[in-house]
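The residues making up each chain are set out below.
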Amino acid sequence: MHHAYLDALSRRRGPLSALDPRAKIALTLAAVLGVAAVSRPSALLPHLALAALAALLARLPPRWLAGRLALVLPFAAVVGLVLPFTTPGAALVTADWGAFRLVLTREGLERAGVLTARALLAATFALALVASTPFPRLLAGMRRLGVPALLVVVLAFLYRYLYVLVDEAMRVRRAAAVRGYGRRARLAGAGGMLGTLVLRSYERAERVYLAMKARGFDGVVRTLDPLRFRGRDAAALFAGLALVLAAVLSAHALAGGRP
Amino acid sequence: MTGAPPLLEIRGLRHAYGDGAVALDGVDLRLEAGEKVGLVGPNGAGKSTLLLCLVGVLGPAGAVRVEGLPAAPPHLDRVRRRVGLVFQDPDDQLFMPTAFDDVAFGPLNQGLDGDATRARVAEALAAVGLAGFEDRASHHLSGGEKRRLAVATVLAMRPPLLALDEPSSGLDARERARLARLLVGLDAALLLASHDLPLVRATCERCVVLDGGRVVADGPTEEVLGDRDLRLRHGLEAELPRRAPRPASTEEQP
Ligand SMILES: Nc1ncnc2c1ncn2[C@@H]1O[C@H](COP(=O)(O)OP(=O)(O)OP(=O)(O)O)[C@@H](O)[C@H]1O
Ligand SMILES: [Mg+2]
């Protein structure tokens, strides 16, 4: 069983794929920070243009992007549903039930809209990074940028064994289904299957640890760095940072000098 | 005889799993440096268990010695660097994000520098026919490719003893032949647990038969495997049923 889910896109060639992951990580962070500073709807436009450019350069398939962004929406929605009623300002609609008053304000609606847009834009930048960088290179970039080694190793193992775990879960479930495991026994048996899965994962972890020890593991995971930061990467980094800065400045101007 | 201890010495090795199943019931075995030995026997004979005892995961302390060192604390790390063990399941063996990182893991831990490590990785990958697979993620490899990559991860460390558990299972004919040539050309000693008798014949001058956790035969491969009675007794050979001829069709054959 093969799951190309996590890194299906990152193996394609595109304008961003050859770029050093460090440059891409730095640019993504800058772009996300720029978006985070926005608080008025009119200031969103330049950032929207920037996100569109990132999506284009990373060759994000529109439907794929829409699907991923839809996953972000529920989180934004929770905040988006509360804010319009809790922000003081000009009342648009008022519902009055005696002791309980609900006021929908213009400022509240605006804030909810901006917040949702910010979340979607930030997600677009992050997706552009992930879709144009194979995960192992992303890890190497994080390591070199000073992300704690333990965190990088945990992510690496997660990346490697997520597939094995999903496979194992599918195997256990399929094996049960093939042997005519009916709907009635489902609940009772689900616990047992989960137990099997936990046990298998535990024993696998022991064997993997052993395989690591057998190859001289002493607590430090060593890798050779495949990264080379070239002139091209520096140029792209500066061009990108200039674009982010331009977006932030023009957003500032569009919002009438307020952030 | 020189005074140097043998590469591998196993004396009276017993192991019972937690649920009481006795997997090894007093095994004695000696391997000299460079010796290539096949380990055969029916399912459940204890072959995989024996290999795990070599690196001190299982088994009592003191029954296994590698170059004179007991496979037990505080010598475990040194013993494990001398025994290149390849597990029966490659998913246990391959734990790094890319093929390159996985093969480089051992050499880097041995303290090799970047260039020497890169050379080792290229050599090991080429030896198993995976040149050019450096950037591939191991979960995107086929079963046979995973198995070959697992072999490469220990080859790159150049241990004096290679312990392989079913390395040819799932390989196509060409890759199986490549593996056989690789094993024949190896300077290291080899303990090869396998059901693939032709592979054992092609690569090992000596063969050990394990059954019920005991060594039931140990000698030159041709002698041991040439004994048909022994093969039949220990599940190394069995008659397959003949396919019944098709029921006569209603149409007359011309
Ligand atoms: N983790 C375990 N827990 C309990 N019993 C085990 C475990 N692993 C193996 N056994 C038992 O120990 C015995 C020896 O198993 P082992 O895996 O060593 O056999 P093997 O010779 O490698 O067989 P195969 O040819 O099928 O790989 C078997 O009876 C098996 O059921
Ligand atoms: Mg086995």
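Residues numbered from 1 in each chain as written. Chains lettered and ligands numbered in written order. Predicted model: local features only at pLDDT ≥ 70, side-chain atom pairs only at ≥ 80, totals over all residues. Heavy atoms only, no water.

Let's shift gears to the overall build of chain B. Scanning chain B for helices and strands turns up 10 helices and 10 strands. Evaluated residue by residue, chain B yields a buried proportion of 54% over its 254 residues. Counting contacts in chain B only where the partners sit at least 6 residues apart, residues at least 24 apart contribute 62% of the total. On chain B, roughly 11,600 Å² of surface is accessible, and the fraction owed to carbon and sulfur atoms is 51%. (Helix = DSSP H or I, 4+ residues; strand = E, 2+ residues; numbered from the N terminus. Buried < 20%, exposed > 50% of the residue type's maximum accessible area, 1.4 Å probe, protein only. Contact = heavy atoms within 4.5 Å. Areas by Shrake-Rupley, 256 points an atom, 1.4 Å probe, with all protein chains shown as cover.)

Turning to the coordination of the magnesium ion (ligand 2), a few remarks are in order. Surrounding the magnesium ion (ligand 2) are the protein donor atoms Ser48 of chain B (OG) and Gln88 of chain B (OE1), which sit 2.0 to 2.4 Å from the metal. Of the two residues, Ser48 of chain B sits in helix α1 (residues 47-54) while Gln88 of chain B sits in the loop between β6 (83-86) and α3 (90-93), which places them 40 residues apart along the sequence. (Donors = N, O, S within 2.8 Å, 3.2 Å for Na, K, Ca; no water.)

A separate point is the site of ligand 1. Residues and elements named next belong to chain B. Lining the immediate environment of ligand 1, one finds 14 residues, of which Asn43, Lys47, Ser48, Thr49 and His195 sit closest. Tyr17 places a side-chain nitrogen or oxygen 3.4 Å from a nitrogen atom of ligand 1. A distance of 2.9 Å separates an oxygen atom of ligand 1 from a polar backbone atom of Gly46. Considered on its own, ligand 1 offers 630 Å² of accessible surface; in the complex 64% of this is hidden by protein. Broken down by element, the shell around ligand 1 gets its largest block of residues, three residues, from α1. (Near = heavy atom within 4 Å. Polar contact = N/O pair within 3.5 Å; in protein donor to acceptor, adjacent residues only side chain to side chain.)

For the rest of this paragraph, the subject is the pattern of salt bridges. All names here are of chain A. Under the counting rule described, the total for this entry stands at 25 salt bridges over all chains. The residue Glu110 makes a salt bridge to Arg106 at a minimum N-O spacing of 3.9 Å. With Glu110 and Arg106 both in helix α4 (residues 106-132) and four residues apart, the pair spans about one turn of that helix. (Salt bridge = Lys/Arg side-chain N within 4 Å of Asp/Glu carboxyl O.)

Let us look at the packing of helix α2 (residues 44-57) of chain A against α4 of chain A. Residue and element names in this part refer to chain A. One can describe the packing of α2 onto α4 by two numbers: an axis separation of 9 Å at closest approach and a directional angle of 25°. It follows from the interaxial angle that α2 and α4 lie roughly parallel. Regarding α2 and α4, the two cross each other, and that crossing is left-handed. Across the interface between the two elements, Leu44, His47, Leu48, Leu50, Ala51, Ala54 and Ala55 from α2 touch Val114, Ala117, Leu121, Thr124, Phe125 and Ala128 from α4. (Axes fitted to C-alpha atoms, helices over the stretch in contact; angles between N-to-C directions. Parallel < 35°, antiparallel > 145°, perpendicular 65-115°, else oblique. Left-handed = near helix turned anticlockwise from the far one by under 90°.)

The next thing to look at is the side chain of Thr105 of chain A. All names here are of chain A. Note that Thr105 resides in strand β2 (residues 100-105). A residue is classified by how much of its surface remains accessible, and Thr105, at 3% relative accessible area, is buried. From its side chain, Thr105 meets the backbone nitrogen of Gly108 in a polar contact 3.0 Å long. What Thr105 contacts, discounting residues up to four positions off in sequence, is Pro84, Thr87, Pro88, Gly89, Ala90, Ala91 and Leu92.

Moving on, we come to the layout of surface pockets. Approximately 710 Å³ is the volume attributed to the largest pocket. Contributing elements (two or more residues each) for the lining of the largest pocket: α5 (135-144) and α8 (231-254) of chain A together with α4 (99-109) of chain B. A total of five residues in the lining of the largest pocket trace back to one element, the largest contributor, which is α5 of chain A. For the lining of the largest pocket, the class distribution of residues is 11 nonpolar, five polar and 15 charged. There is about 590 Å³ of room inside the second largest pocket. Lining the second largest pocket are 21 residues; nearest its centre among them are Arg207 of chain A together with Tyr17, Leu52, Leu58 and Phe87 of chain B. Listing elements by their share of the lining of the second largest pocket, those giving two or more residues are α7 (186-214) of chain A together with α1 and β6 of chain B. Tallied by class, the residues present in the lining of the second largest pocket amount to 10 nonpolar, five polar and six charged. (1 Å grid on protein atoms, 1.4 Å probe; cavity = no way out; pocket = protein on both sides within 12 Å on 5 of 7 lines; lining within 4 Å. Points joined across faces, edges and corners; volume = space filled by probe spheres on them. Nonpolar A, V, L, I, M, F, W, Y, C, P; charged D, E, K, R; others polar.)

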